[in-house]
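# Structural features, examined
In case you want the letters, here they are:
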Amino acid sequence: MINNPIIFYIASFLIIMSTFGVLFSKNVIYSLLSAIVVFFTGAIFFYILGSEYNAIIQAAVYGLAVPIIIGVSIMFTSLKKDTYQEKMIHYILIIASGIFILAFVYLLMMSMAMNPNTFNIREITQVNFFDVMSAFAKGIFINYVWAFELISLLLTIVIVGITVIKRRGV
Amino acid sequence: MDITMYHYLFIGLVLFLMGIIGTMLVKSVVKVLILIEIMLLGVNINFVTFSTFCDGIKFDGYILSLFYIAIGAVELAVALYIFYLMYKKKQSDNIEKYNEL
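Now for a quick tour of the structure. (Residues numbered from 1 in each chain as written. Chains lettered and ligands numbered in written order. Predicted model: local features only at pLDDT ≥ 70, side-chain atom pairs only at ≥ 80, totals over all residues. Heavy atoms only, no water.)

## Some words on the interface of chain B and chain A
Applicable threshold: We call two residues in contact whenever any of their non-hydrogen atoms come within 4.5 Å of each other. Buried area: the sum, over both parts, of the accessible surface (1.4 Å probe) that disappears when the two are put together. Any carboxyl oxygen of Asp or Glu within 4 Å of a side-chain nitrogen of Lys or Arg constitutes a salt bridge here. For the purposes of these results, a polar contact is taken to be a pair of N or O atoms within 3.5 Å, where, inside protein, one atom must be able to donate a hydrogen and its partner to accept one; residues adjacent in sequence count only when each atom of the pair is a side-chain atom. Only DSSP runs of H or I covering at least 4 residues are called helices, and only runs of E covering at least 2 are called strands; the numbering of each starts at the N terminus.
Across the boundary between the two partners, chain B contributes 51 residues, which contact 62 residues of chain A. Together, the buried faces of chain B and chain A total about 5,000 Å²; carbon and sulfur atoms form 80% of this surface. For the interface between chain B and chain A, the tally reads zero salt bridges. Along the contact surface separating chain B from chain A lie six residue pairs in polar contact (both at pLDDT 80 or more). Contributions of two or more residues to the side of chain B that touches chain A are made by α1 (5–25), α2 (29–54) and α3 (60–90) of chain B. With 22 residues, α3 of chain B is the single largest residue contributor to the side of chain B that touches chain A.

Put into structure tokens, the structure is as follows:
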């Protein structure tokens, strides 16, 4: 893990301010953009805690996939039909630029991961990366294999359920 | 000054509390769903923190955090689909109008 107070306090300030942004923004799109910052900063926290795998999953799922789902649902629900095309381009531009900026932050984070001495980070070698990956493999495929299979079943049920609801035309 | 376990736990606690308070205050359904995800992020930070500082062998907190991320994404997808279906009938995203399924 990385025990650097500067990174910790900057990330803490960013995540708390962005959470306030989610709470107090009047426009839902601005809330969504603040939420993207919160999710990416959460990935930074995972990274500095020594769990690179969790950080990558957090950035990929919550930083990119979930905001796209929420953004699409906002587009389908919050707009009137007469100005739909015009406003949709506006919303797509805002979301795309936000994702682009945060993807740049993500790349910066990954470059720091490849070369931790770039910013004079004092690194404590409490957590070994290979031990973490070995623990992940043992946990998912041996210790928690039933939980893993249950989540796979849950995902399958969700996909089948949404398909059935869509076909019934509810 | 070194960063201790309690610093990370405090951040997780702040995120969780802001998620709970925001869920009670906010009127928009989409904002409520985003705040629920922020609560889950606070819980995940606590899991990873405890696993890093208290469990250096099995890293169970990391694996549980992965499960929470998967379940959170599924829950969000289902909730947004239900919201979309109900929005077609209610024509509003105000949560006070969503008092029946």
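## A closer look at the packing of aromatic side chains
This is how it is decided: Pairing of aromatic side chains requires ring centres within 6.5 Å, counting the rings of Phe and Tyr and the six-membered ring of Trp. Pairs whose planes differ by under 30 degrees are stacked, by over 60 edge-to-face, and all others tilted. Three labels apply to residues, based on accessible area from a 1.4 Å probe with only protein chains included: buried if under 20% of the type maximum, exposed if over 50%, partly exposed otherwise in between.
Taken as a whole, this structure holds twelve aromatic pairs over all chains when the rule is applied. Between Phe39 of chain A and Tyr62 of chain A, the ring centres sit 5.1 Å apart and the planes meet at 45 degrees, which makes this aromatic pair tilted. Residue Phe39 of chain A is found in helix α2 (residues 28–48), and its partner Tyr62 of chain A is found in helix α3 (residues 52–77); the two are separated by 23 residues along the sequence. Both residues of the pair, Phe39 of chain A and Tyr62 of chain A, belong to the buried class. Residues Phe76 of chain A and Tyr84 of chain B carry aromatic rings whose centres are separated by 6.0 Å and whose planes lie at 65 degrees to one another, so their mutual orientation is edge-to-face. Linking Phe76 of chain A in helix α3 with Tyr84 of chain B in helix α3, this pair reaches from one chain into another.

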